[in-house]
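Listed below, chain by chain, are the residues.
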Amino acid sequence: MADENKPVIGIIMGSESDMPAMEPCMKQLDEFGMAYEVKIASAHRKPAVVHEWASTAHERGIKVIIAAAGKAAHLGGVVAAFTPCPVICVPMKTSDLGGLDSLLSMVQMPSGVPVACVAINGAKNAAILAVQMLGTGCKGARQKIIDFKESMAQA
């Protein structure tokens, strides 16, 4: 039997300053009862750390990765280059261009290195999408999404 406490979702962000914007992601995953791990590493300042973390994610049992970054926002694409796991990007709102720079950087991936992308600061939706992805092969994750959508309809 699989260890329910073993992380199946990896969350990586480029900076500690991204943590407040990513708290809705972690809160939603906690509400779903989904195990996750969190890493802070910049694609530009710590590329070797990002490479090591991303390239070994699937060996650690990670099935979906959520990558949050701002400005140049290369983190999600770099992670996607090194992992077979699907990557969901969360563009961070920035003071310079309001996050539009991050969003455009994330959605302009080259052919062969796809990522999914949610709205600027769309951390909660990233969590929901990650569990939906897991639900394609896991009845338990699928049921969590079914229950979640039913609860939204009741509100």
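Residues numbered from 1 in each chain as written. Predicted model: local features only at pLDDT ≥ 70, side-chain atom pairs only at ≥ 80, totals over all residues. Heavy atoms only, no water.

Draft legend 1. Summary view of the packing of helix 5 (residues 123–135) against helix 6 (residues 139–154). Axis separation between helix 5 and helix 6 bottoms out at 7 Å; the angle between their running directions is 135°. By the angle between their axes, helix 5 is oblique relative to helix 6. Helix-helix and strand crossings are classified by hand; for helix 5 and helix 6 the assignment is left-handed. Across the interface between the two elements, Lys124, Ile128, Val131, Gln132, Leu134 and Gly135 of helix 5 pack against Ala141, Arg142, Lys144, Ile145, Phe148 and Lys149 of helix 6. Residue composition of the contact of helix 5 with helix 6, grouped by class: 6 nonpolar, 2 polar and 4 charged. (Axes fitted to C-alpha atoms, helices over the stretch in contact; angles between N-to-C directions. Helix = DSSP H or I, 4+ residues; strand = E, 2+ residues; numbered from the N terminus. Parallel < 35°, antiparallel > 145°, perpendicular 65-115°, else oblique. Left-handed = near helix turned anticlockwise from the far one by under 90°. Contact = heavy atoms within 4.5 Å. Nonpolar A, V, L, I, M, F, W, Y, C, P; charged D, E, K, R; others polar.)

Draft legend 2. Local environment of the packing of helix 2 (residues 47–56) against helix 3 (residues 75–82). Packing of helix 2 against helix 3 leaves a shortest axis separation of 8 Å and a crossing angle of 50°. For the element pair helix 2 / helix 3, the angle class is oblique. In terms of crossing hand, the pair formed by helix 2 and helix 3 is right-handed. Note on element contacts: helix 3 touches helix 2 through Leu75, Val78, Val79 and Phe82, opposite Val50, His51, Trp53, Ala54 and Ser55. Each residue belonging to the contact of helix 2 with helix 3 can be placed in one class, and the counts come to 7 nonpolar, 2 polar and no charged.

Draft legend 3. Region of the structure containing unusual backbone geometry. Phi angles above zero are rare outside glycine, and Ala73 is one such case at about 55°. With respect to the helices and strands, the residue Ala73 is situated in the loop between strand 3 (64–69) and helix 3. Residue class for Ala73 comes out buried when judged on its relative accessible area of 5%. (Buried < 20%, exposed > 50% of the residue type's maximum accessible area, 1.4 Å probe, protein only.)

Draft legend 4. How the structure looks around the pairing of strand 1 (residues 9–13). Summarising burial for strand 1: 5 of the 5 residues are buried, a large majority. Of the two faces of strand 1, the one holding Ile9, Ile11 and Met13 and the one holding Gly10 and Ile12 are both buried throughout. Pairing between strand 1 and strand 2 (residues 36–40): 5 bridges, direction parallel. Considered in strand 2, the bridge of Gly10 is made with Glu37. With helix 1 (residues 19–32) bridging strand 1 and the parallel strand 2, this β-α-β connection has right-handed handedness. (Pairing = 2+ DSSP bridges. Right-handed = clockwise from strand over helix to strand, strands pointing away.)

Draft legend 5. The packing of aromatic side chains, seen in detail. This model, assessed by the stated rule, comprises 1 aromatic pair. Measuring from centroid to centroid gives 5.4 Å for Phe32 and Phe148, while their planes differ by 70°, and the two rings are edge-to-face. Of this pair, Phe32 sits in helix 1 while Phe148 sits in helix 6; the two residues are 116 residues apart in sequence, bridging distant segments of the chain. With respect to burial, Phe32 and Phe148 carry one shared label: buried. (Phe/Tyr/Trp six-rings, centres within 6.5 Å; stacked < 30°, edge-to-face > 60°.)

Interpretation note: all reported values are geometric properties and have no functional meaning in isolation.
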